[in-house]
Amino acid sequence: MRIGDHVHGTVTGIQPYGAFVNLGNDVQGLIHISECHYGFVKDIHDYLSVGDEIDVVVLDIDEFTGKISLSLRCLEETQVPLAPVAPQNENRHRHYWTSRNVHEGFKPIQKRRQAWAQEALKEFVAK
């Protein structure tokens, strides 16, 4: 079994955080509640029940613990409509958080470095 594989299994247990799925050959994986369905899932019981035969996708296999993460959501078609991107208005002013035209680099740090070193030495000697 590898990451990305589509596998078939049986739901063997349900907890508030997810559902355990038996994948056969004494291999068990977990579908986290966030991987049950697109959007917010209030109650996992709305989507799964013990004994359900389901197809899932292997999201991750922890190489140290052997834990297998599964997903039902990966098999769903996206139900969330994508919002159209508004065209950029060329006349709109763009705000930059930095001064993008000033290219000082590390000069301000270099100017202050000697004073910081002297201050640190004074505190070190004082202790």
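Cut-off values and rules
- Residues numbered from 1 in each chain as written.
- Predicted model: local features only at pLDDT ≥ 70, side-chain atom pairs only at ≥ 80, totals over all residues.
- Heavy atoms only, no water.
- Phe/Tyr/Trp six-rings, centres within 6.5 Å; stacked < 30°, edge-to-face > 60°.
- Buried < 20%, exposed > 50% of the residue type's maximum accessible area, 1.4 Å probe, protein only.
- Helix = DSSP H or I, 4+ residues; strand = E, 2+ residues; numbered from the N terminus.
- Salt bridge = Lys/Arg side-chain N within 4 Å of Asp/Glu carboxyl O.
- Pairing = 2+ DSSP bridges.

The name given to the protein chain in an unreviewed UniProt entry is RNA-binding protein, and the organism recorded there is Secundilactobacillus silagincola.

1. A few points about the packing of aromatic side chains
As enumerated under the stated definition, the model contains one aromatic pair in all. Aromatic side chains tyrosine 17 and phenylalanine 20 sit 6.3 Å apart centroid to centroid with 90° between the ring planes, which places their arrangement in the edge-to-face category. Given the relative accessible area of 41%, tyrosine 17 is considered partly exposed. Judged by its relative accessible area of 27%, phenylalanine 20 falls in the partly exposed class.

2. Comments concerning unusual backbone geometry
The phi dihedral of asparagine 25 falls on the positive side, at around 55°, and the residue is not glycine. Tracing the backbone through its elements, the reader meets asparagine 25 in the loop between strand S2 (18-24) and strand S3 (27-32). Given the relative accessible area of 78%, asparagine 25 is considered exposed. Unlike most non-glycine residues, aspartate 26 shows phi in positive territory, near 55°.

3. Observations concerning the pattern of salt bridges
Inspection of the entire model under this criterion finds one salt bridge. Arginine 73 is paired through a salt bridge with glutamate 35; the nearest N and O atoms lie 2.9 Å apart. Within this pair, whereas arginine 73 is found in the loop between strand S5 (68-71) and helix H1 (107-126), its partner glutamate 35 is found in the loop between S3 and strand S4 (53-61), the two being separated by 38 residues in sequence. Taking relative accessible area as the criterion, glutamate 35 reaches 12% and is therefore assigned buried.

4. Side note on the pairing of S2
Sheet topology places strand S1 (residues 6-15) next to S2; five bridges connect them, and they run antiparallel. Its bridge partner lying in S2, glutamine 15 is registered against glycine 18. Taken together, S1 and the strand that follows it, S2, pair antiparallel across an intervening segment of two residues. When S2 meets S3, the two strands line up antiparallel, connected through six bridges. Residue pairing for S3: alanine 19 is matched across the bridge by isoleucine 31. Counting the residues in the hairpin turn of S2 and S3 gives two residues, including asparagine 25, whose phi is positive at 55°.

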